[in-house]
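# Observations on the model geometry
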Amino acid sequence: GDAMGASTCVACGECVQACPTGALASVVRPDMLAVPDKRVDSVCPFCGVGCQLTYQVKDDHIIAVDGRDGPANQGRLCVKGRYGFDYVRHPHRLTQPLIRRADAPKHGGFTMDPERWMDVFRVATWEEALDLAGGRLREIRDQHGPHALAGFGSAKGSNEEAYLFQKLVRTGFGSNNVDHCTRLCHASSVVALLEGIGSGAVSNPVMDVTLAEVVLVIGANPSVNHPVAASFIKNAVAKGTRLILCDPRGSDLSRLAHRHLRFKPDTDVALLNAMMHVIVTEGLADEAFIASRTEDYEALRSNVLGYPPEAMAPICGIEAETIREVARLFAQSKASMILWGMGVSQHVHGTDNARCLIALSLLTGQIGRPGTGLHPLRGQNNVQGASDAGLIPMMLPDYQHVSDAAVRGRFEAAWHLSAGTLDAQPGLTVVEVMHAIKAGTVKGMLVMGENPAMSDPDANHARAALAALDHLVVQDIFLTETAYLADVVLPASAHAEKTGSFTNTDRLVQLGRQAINPPGDARQDLWIIQQLAQRLGLAWH
């Protein structure tokens, strides 16, 4: 009976898709009753849930989107997936290659106005833009060495684009200076997971919440960032699953939580070690699992003995008895699952936070069965796949460390390179590249679908660094803050304009299919990468 504006409705359109009579309709276009020319099955370009969807296309325009029965969404979509498609035909889309004008100097304190791009850039042909972009990168490499160049790839591009981009940097630039946005999100979780369980990815799909007796969500707000995943958590709670929400902030899930632990910010380790203290001292640890599947239990046990809930309560702000109750509930349930997000990983001690969560699961044997396990919710649609494909500075594809001579030898053979070609030195991270530019050691960059001038933790520092580069090439679909500082801007393709595979937060690899054509003279990202590679001396076809 609530008024719509006062209700919890977020206009996701699920009611429209579910309505069997057509009494409800989506008013997204004046021609909403138009019959599409074609329907194209694809996958959502937004968050890491990886919902399958169908584009309805008429006259090379997307006119509507429907949810498909995919493993991660079962027909559901959120407001972004169902209605967030108009950006592909936005008037600010880049449609022609641009070259910075000689009378438009770069500076970090700019005010960006996409409408006034002609004050900064001039239109160029593809041949001129590519020759300048690749030629200057090649000059810098030859004059200052391979470590003078760096590349930032994208978590929104496909697996194929991520793979080819890192291969371009490693074989064309000659160093491992390649990274993407995972450095600023789940890199700490990946380190802890590789160390703790041997795999840097989730252990089970989000959908396992429907099989869990207890779901612990910490440092994440799925209702906002992963709405379809949150809907399955809500369904599970409605059927009896107990939700433990650990977050200093209130959120949409707070009203459904069995317990909401609003601990003091930055005290994750104190809270989680106190829970493990309870499990160890009250005999709730899974001794058989520990004996057969883990190492160094005695070291963990002796460590958590120093964290009794009574001593940790004043530090984390949660009563000792509440900590004990939650620890018992997690340990004694038939299936407990942990989901976490940026609130865990984006700390100076983010890796320690994730280590505690991993230890909590291993200590209680709550991993390796349906409804149990560890799930760091991945943010963008292909941040998992980009990492798998090697778009990180210390790992070749499939998390094989660059310092391993045997690994480098296998890639040199596969890529038809002479022995010793690949760099054995781990590259610079997103953050380190900015410092290296200011130090004068990195002089040229290629940025594909990433916007460090906006997303870097210190935006002013990042903008000043990018403005100081001798040569910056940006490949994107909009004139972003980073592109505004570029010497050459190359217009690329949006998600719905290309075909490629994408790996969601569940590690499920799904196909995104091209539904429409890129606007104007914009080109496919794979083609752009290949053209740049040729200008760097690589025989790519």
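Use the structure listed above.
These remarks concern the structure in this document.

About the thresholds
- Residues numbered from 1 in each chain as written.
- Predicted model: local features only at pLDDT ≥ 70, side-chain atom pairs only at ≥ 80, totals over all residues.
- Heavy atoms only, no water.
- Helix = DSSP H or I, 4+ residues; strand = E, 2+ residues; numbered from the N terminus.
- Rg over C-alpha atoms; globule rule 2.2 N^0.38 Å.
- Buried < 20%, exposed > 50% of the residue type's maximum accessible area, 1.4 Å probe, protein only.
- Contact = heavy atoms within 4.5 Å.
- Areas by Shrake-Rupley, 256 points an atom, 1.4 Å probe, with all protein chains shown as cover.
- Lys, Arg positive; Asp, Glu negative; His and termini not counted.
- Charge placed at Lys NZ, Arg CZ, Asp CG, Glu CD.
- Pairing = 2+ DSSP bridges.
- Axes fitted to C-alpha atoms, helices over the stretch in contact; angles between N-to-C directions.
- Phe/Tyr/Trp six-rings, centres within 6.5 Å; stacked < 30°, edge-to-face > 60°.
- Lys NZ or Arg CZ within 6 Å of the ring centre and 35° of its normal.
- Parallel < 35°, antiparallel > 145°, perpendicular 65-115°, else oblique.
- Left-handed = near helix turned anticlockwise from the far one by under 90°.
- Nonpolar A, V, L, I, M, F, W, Y, C, P; charged D, E, K, R; others polar.

The next point concerns the overall build of the chain. Scanning the chain from terminus to terminus reveals 20 helices and 19 strands. Here the chain has a C-alpha radius of gyration of 25 Å; the compact-globule value for 541 residues is 24 Å, and the two agree. Principal-axis analysis of the C-alpha atoms gives the chain an extent of 70 × 65 × 45 Å. Each of the 541 residues in the chain was classed as buried or not, and the buried ones make up 56%. Excluding contacts between residues fewer than 6 apart, the proportion of contacts in the chain whose partners are at least 24 apart in sequence is 70%. Summed over its atoms, the accessible surface of the chain is roughly 21900 Å², and 53% of this surface lies on carbon and sulfur atoms. Within the chain, one finds 48 positive and 57 negative side-chain charges whose respective centroids are separated by 2 Å.

Buried residues dominate strand β16 (residues 471-476), accounting for six of its six residues. Of the two faces of β16, the one carrying His-471, Val-473 and Gln-475 and the one carrying Leu-472, Val-474 and Asp-476 are both buried. Here β16 pairs with strand β17 (residues 488-491) via four bridges, running parallel. Residue pairing in the sheet places Val-474 in a bridge with Val-489 of β17.

The next thing to look at is the sheet that holds strand β12 (residues 373-376). Taken in spatial order, the five strands of this open sheet run β10-β9-β8-β11-β12, and their pairing is parallel. In the strand order of this sheet, the two ends are held by β10 (259-261) and β12, each with one partner. Averaged over neighbouring strand pairs, the angle between their axes works out to 15° when direction is ignored. One ladder, built from five bridges, connects strand β8 (residues 214-218) with strand β11 (residues 336-340); its direction is parallel. Residue pairing across strands places Val-214 opposite Ser-336, the latter belonging to β11.

This part is about the sheet that holds strand β2 (residues 52-58). Strand order in the open sheet made by the three strands is β1-β2-β3, with antiparallel pairing throughout. Since the sheet does not close on itself, it has two edges, and those belong to β1 (38-43) and β3 (61-67), each with one partner. Across the sheet, the mean angle from the axis of one strand to that of its neighbour is 30°, orientation sign disregarded. Two strands pair when backbone bridges link them, and β1 and β2 are joined in this way by six bridges, in the antiparallel orientation. From the neighbouring strand, Val-40 faces β2, where its bridge partner is Tyr-55.

Evaluated as defined, the whole model comprises four aromatic pairs. Taking the centre distance of 6.3 Å and the plane angle of 70° together, the rings of Phe-46 and Tyr-87 count as edge-to-face. Of this pair, Phe-46 sits in the loop between β1 and β2 while Tyr-87 sits in the loop between α2 (79-83) and β4 (98-100); the two residues are 41 residues apart in sequence, bridging distant segments of the chain. Residue class for Phe-46 comes out partly exposed when judged on its relative accessible area of 24%. Look at Tyr-87 and you get partly exposed, because its relative accessible area is 23%. Chaining the aromatic ring pairs together yields one cluster made of Tyr-163, Phe-411 and Trp-415. Across the ring face of Phe-232, the terminal group of Arg-76 is positioned such that the distance to the ring centre comes to 4.0 Å. Between Arg-523 and the ring centre of Trp-527, over which it is positioned, the NZ or CZ distance is 4.7 Å.

We now examine the packing of helix α8 (residues 268-281) against helix α10 (residues 297-304). Where α8 contacts α10, the axes come no closer than 9 Å and their chain directions differ by 110°. The pairing of α8 with α10 is recorded here as roughly perpendicular in orientation. The two elements α8 and α10 cross, and the hand of that crossing is left-handed. Together, Asn-273, Met-276, His-277 and Val-280 of α8 and Tyr-297, Leu-300, Arg-301, Asn-303 and Val-304 of α10 make up the contact between the two elements. A breakdown of the residues in the contact of α8 with α10 according to their chemical character gives five nonpolar, three polar and one charged.

Take it as geometry only, folks, not as evidence of what the structure does.
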